[in-house]
Amino acid sequence: MDFGEPEHITMLRESIRRMLERHATREMMAKWDEEDKVPRSLMEHITALGVCGMTVPEEYGGLGRDILATMVTVEELSRRSMVIGTLYLMNSCYGSMNILASGSEAQKRALLPRLANGELLFAYGLSEPDVGSDLASVKTRAERRGDKVVVNGYKRWCSGAESADYIYALVRSGDPDARYRNLSLVLIPPTAPGVTLTHIPAMGARGLNTNDVTLDNVEVPFENVVGGEDGWNNGWSRLAGPALEVEKLEVAAMALGIAAQAVDDAWEYAQTRSQFGKRICTHQSIRHMLAEVQTKLAAARLMLYRGCWLADNGLPCSVETSMAKMYVCELGLEIVLTCQKVMGAYGYARGFDMERHVRDMLLMPIIGGSTAIQKNNIVNRMGLPRQ
């Protein structure tokens, strides 16, 4: 059992940090957070790192699957901001992993090379105004008309849709009483006629807008149905497949990145701030808080990386990925709130990254399957009787 970090992962971390110091400094991120807009052009610098092909096999122009390296990339980008991590996810995970797992061979040939080159971004269009965790109850309708599909309905919490090339939309393509049957996944360009995006202001995740999406007689070619003919009315099996397991790791990786940066910020602050004639890092209460967050951070990292190892090796991991998502996100929130206490009023004030870490971390236990959903997944998949 080897807990050492592979050399290529260490080198990857270093290259990401160098890129961020040039193209996404703390000052730039503060400005983007204030303006609620991270430029899509930042994706060019992420692509230049060579990280967009790590979820695409070589036969489709990628580097081959490396889940640990992908999640470390998410973690490191999220140290600067979770929205930068999300920008990368929109390419390598929302796009590449879903098309690889669920797309037709024609879709793989057409889209995966472009995804591996960082050209395309996907946004999830799963939730609706009345549909959150219960995705099988979606009401957005898709009707097949010859070689076209016409979509009508509403999507909510569609983050990044304004920057995306496609909305990866879950739609009802048949009898609504069938629930898990008669669902399909459709790729909808946000610029298509009949698509209206409405920005939803939020306290965190600022810079990559989340949106309401109105779909009014939106027409797309049938070739945009994920999986082609085999995918029509068969979307649930594609949604609840291997890509969903890795999605839980994606959110955990973002949470780990936020928490790690919060710990570094609090650690440094404690050594530069003085009270009562000495640095606050010498006060036992501060030292104990910092010891706790370092320990929790180490535990969270082990939990996440174990899930990555299982996924990389093709081993069953539905329980472990749910555990990682639940534990890292909840523990990350504890870490960030403790780090905010270390910084006192400065941890609450604009001008310091800590208040943004808090705002962003509050979202982590909610997205990608809430903590309550993960708890259900864990006990159900471990066979705990329900009656």
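Computed from a prediction, not measured in an experiment: that's the story for all the values here. (Residues numbered from 1 in each chain as written. Predicted model: local features only at pLDDT ≥ 70, side-chain atom pairs only at ≥ 80, totals over all residues. Heavy atoms only, no water.)

(A) Just the packing of aromatic side chains, in detail. Counting across every chain of the model gives seven aromatic pairs. Summarising the aromatic geometry, the rings of Phe122 and Tyr168 are spaced 6.5 Å apart at their centres and angled 35° between planes, so their arrangement reads as tilted. In this pair, Phe122 sits in strand β1 (residues 122-125) while Tyr168 sits in strand β4 (residues 166-172), placing the two residues 46 residues apart along the sequence. One exposure class covers both Phe122 and Tyr168, and it is buried. Three or more aromatic residues joined by ring pairs make a cluster, and in this case those are Tyr94, Phe122, Tyr124, Tyr166 and Tyr168. Above the face of the Phe222 ring, Arg144 is positioned so that its terminal group lies 3.8 Å from the ring centre. (Phe/Tyr/Trp six-rings, centres within 6.5 Å; stacked < 30°, edge-to-face > 60°. Helix = DSSP H or I, 4+ residues; strand = E, 2+ residues; numbered from the N terminus. Buried < 20%, exposed > 50% of the residue type's maximum accessible area, 1.4 Å probe, protein only. Lys NZ or Arg CZ within 6 Å of the ring centre and 35° of its normal.)

(B) Summary view of unusual backbone geometry. Positive phi, normally seen in glycine, also occurs at Asp36, with a value near 60°. With respect to the element layout, Asp36 can be found in the loop between α2 (26-35) and α3 (42-47). One non-glycine residue, Asn233, adopts positive backbone phi at about 65°. With respect to the element layout, Asn233 can be found in the loop between β7 (210-221) and α7 (235-239).

(C) The environment of Ser15, seen in detail. Within the secondary structure, Ser15 sits in helix α1 (residues 7-23). Note on Ser15: relative accessible area 18%, which makes it buried. Spatially, the C-alpha atoms of Ser15 and Leu49 are 7.2 Å apart, while their sequence positions differ by 34 residues. Looking at Ser15, its side chain comes within polar contact range of the main-chain oxygen of Leu12, at 2.8 Å. (Polar contact = N/O pair within 3.5 Å; in protein donor to acceptor, adjacent residues only side chain to side chain.)

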